[in-house]
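# Fold and contact review
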Amino acid sequence: MNYKKKKKATQHALNSVTSRLALTAPCEVSLWDSDEPVPKAELLKSVQGAHGLLCLLTDKIDAEVLDAAGPNLKVISTLSVGFDHLALDEIKKRGIRLGYTPDVLTDATAELTVALLLATARRLPEGVEEVKNGGWSAWKPLWLCGYGLSGSTVGVIGLGRIGMAIAQRLMPFGVKRLLYSGRTAKPHAAEVNGEFVPIDTLVSESDFIVVSCSLTPETQGLCNKAMFSKMKNTAVFINSSRGAVVNQEDLYEALSSGQIAAAGLDVTTPEPLPTNHPLLKLKNCVVLPHIGSATYSTRGVMSVLAAQNLLGGLQGTDMPSELSL
Ligand code: NDP
Ligand code: DGY
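Owing to the predicted nature of the structure, the values given are computational and were not obtained by experimental measurement. (Residues numbered from 1 in each chain as written. Chains lettered and ligands numbered in written order. Predicted model: local features only at pLDDT ≥ 70, side-chain atom pairs only at ≥ 80, totals over all residues. Heavy atoms only, no water.)

With that out of the way, let us pick up the environment of Met171. Checked against the element boundaries, Met171 lands in the loop between helix H7 (161–170) and strand E5 (177–181). Residues Met171 and Asp318, 147 residues apart in the sequence, show an inter-C-alpha distance of 37 Å. Apart from the residues within four sequence positions on either side, Met171 is in contact with Leu178 and Val192. (Helix = DSSP H or I, 4+ residues; strand = E, 2+ residues; numbered from the N terminus. Contact = heavy atoms within 4.5 Å.)

Turning our attention to the side chain of Asp250. Turning to its location among the elements, Asp250 is positioned in helix H10 (residues 248–256). With sequence-adjacent residues up to four places away left out, Asp250 is seen in contact with Asn224, Lys225 and Phe228.

What follows covers the pairing of strand E9 (residues 262–265). Both faces of E9 are covered, namely the face carrying Ala262 and Gly264 and the face carrying Ala263 and Leu265. Direction of pairing for E9 relative to strand E10 (residues 285–287): parallel, over a ladder of three bridges. Within E10, the residue paired with Ala263 across the bridge is Cys285. (Buried < 20%, exposed > 50% of the residue type's maximum accessible area, 1.4 Å probe, protein only. Pairing = 2+ DSSP bridges.)

We now examine the site of ligand 1. With respect to spatial proximity, 26 residues lie near ligand 1, and among them Arg161, Ile162, Arg183, Lys186 and Asp266 are the closest. In this structure, a nitrogen atom belonging to ligand 1 sits 2.8 Å away from a side-chain N or O atom of Asp266. For ligand 1, whose unbound accessible area comes to 920 Å², protein coverage reaches 88%. Among the residues forming the shell around ligand 1, the class breakdown is seven nonpolar, 14 polar and five charged. (Near = heavy atom within 4 Å. Polar contact = N/O pair within 3.5 Å; in protein donor to acceptor, adjacent residues only side chain to side chain. Areas by Shrake-Rupley, 256 points an atom, 1.4 Å probe, with all protein chains shown as cover. Nonpolar A, V, L, I, M, F, W, Y, C, P; charged D, E, K, R; others polar.)

A few words now on the sheet that holds strand E1 (residues 52–55). The sheet built from three strands is open, its strands ordered E1-E2-E3 with parallel pairing. With partners counted over all chains shown, the strands left at the sheet margins are E1 and strand E3 (97–99), one partner each. The average angle at which neighbouring strand axes cross in this sheet is 15°, direction not considered. Sheet analysis places E1 next to strand E2 (residues 75–78), joined by four bridges and oriented parallel. Each residue of the ladder has a partner; that of Gly52, found in E2, is Val75. Strand contacts of helix H11 (residues 296–315): E1, E2 and E3, with the helix running at about 175° to E2, the strand carrying the most contacts. (Axes fitted to C-alpha atoms, helices over the stretch in contact; angles between N-to-C directions.)

Below, the discussion takes up the domain arrangement of the chain. Each domain of the chain was delimited in the assignment, giving domain 1 (10–103 + 295–323) and domain 2 (105–287). Domain 1 and domain 2 are separated by 32 Å when their C-alpha centres are compared. Counting residues at the interface gives eleven residues for domain 1 and six residues for domain 2. Overall, the association of domain 1 and domain 2 removes approximately 830 Å² of surface from exposure, summing both partners, and the carbon and sulfur fraction of that is 57%. It is Val81, Asp84 and Asp103 that lose the most area in domain 1 upon contact with domain 2, and together they represent 53% of the buried surface on that side. Applying the counting rule to domain 1 against domain 2 returns one salt bridge. Linking domain 1 with domain 2 are three residue pairs in polar contact (both at pLDDT 80 or more). For the side of domain 1 that touches domain 2, the residue count by class is five nonpolar, four polar and two charged. (Domains from an automatic or database assignment. Buried area = accessible area lost by both parts, 1.4 Å probe. Salt bridge = Lys/Arg side-chain N within 4 Å of Asp/Glu carboxyl O.)

Looking at the chain, pLDDT values average 94 and 92% of them are 70 or higher. Contacts from residues 1–13, a stretch scored under 50 in pLDDT, to residues over four places away or in other chains number eight contacts. Across the assembled chains, the prediction reports ipTM 0.99 with pTM 0.94. (pLDDT = per-residue confidence, 0-100.)

Take the pairing of strand E4 (residues 153–157) next. E4 sits mainly inside the fold: five of its five residues count as buried. Here E4 shows a buried face lined by Thr153, Gly155 and Ile157 and a second buried face lined by Val154 and Val156. Two elements, E4 and E5, share five bridges in a ladder whose sense is parallel. The residue bridging Gly155 from the neighbouring strand is Leu179, located in E5. Taken together, E4, H7 and E5 form a β-α-β motif whose crossover is right-handed. (Right-handed = clockwise from strand over helix to strand, strands pointing away.)

Around ligand 2, the neighbouring residues are Leu57, Ser80, Val81, Gly82, Leu105, Arg242, His290, Ser293 and Met302. Contacts to ligand 2 include Gly82, whose backbone N or O atom sits 2.8 Å from an oxygen atom. Here His290 contributes a side-chain N or O atom positioned 2.6 Å from an oxygen atom of ligand 2. A total of 230 Å² of accessible area belongs to ligand 2 in isolation, and the protein chains cover 89% of it. A per-class count over the shell around ligand 2 returns four nonpolar, four polar and one charged.

Spelled out as structure tokens, the structure:
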């Protein structure tokens, strides 16, 4: 399948959200027909009187939007597993049901996180750049050396669905110890010989630190100066959860001072990260544009699931993935 056709197929999958909704009459669909986020003013206008709302993680669904929608609103379905863009307390208060897309994006996101970890640790973007700009003069013993996974200790902050899938993918690289932290120990961690440790132990003993927790009031700014100062100077830090889990000023300081070796970020604050942001000037920081779940098939399956969630909520039946509030 060539690129154009694939793009078409994905578009088809996304369109199937609308067609499914349209077919399951009586249901009038108002669609923001653009890949760009819907402006807040437009959302506030078009949500009025709606019974259901299908949104993206770029849509902040707060009390203002819910008030604009009014009492008809029965269900919100987000095309994401993360729900930090949704005011859960306000949604619950109004008795609105909530659908999201767990599991179906776990493999794609874990795969991207591993790719980002390898690219960061083995300095792939720097190497590619050197080939293009003539910096590659000869094979040199220490040129572009990085850090390997074999014999290493990996720490996963948040061994949930995606954290576990990342761990499963990393173990075959010869990882020696897999540490994890979170609120509770996970029985499934046994599969990767995971050791449940306090977060301070995790950050001080790990060669690779991978953040895959959800963004909550407790995890906001969790990765800060105090945490970076406990890491090894050779540590590689990876975040594919949400940008706000990291204090970016503190990360910049840690990277530019040599407190830690490198960082790979699929998520930032804000998104997009301004092109003049200090982190983008650092060679030891690899930044991706939030593409964890971005495979054609994953986005297609997410779209169908989001449509099914919406329909279930509209019809008052089961939603395949309902978040209990
Ligand atoms: P899960 O709910 O399965 O996992 C979330 C994990 O976060 C749990 O293991 C939980 O641990 C942990 N956690 C919560 N609070 C804390 C805390 N205070 N300290 C440490 N860990 C904590 O969700 P998923 O794995 O499916 O998704 C995780 C997140 O990944 C999403 O919320 C989203 O933000 C992000 N994501 C990013 C993508 C991307 O494109 N980059 C794609 C998809 C998701 P415990 O149970 O012990 O509390
Ligand atoms: C999510 O689902 O939360 C991701 O960030 C995008 O897939």
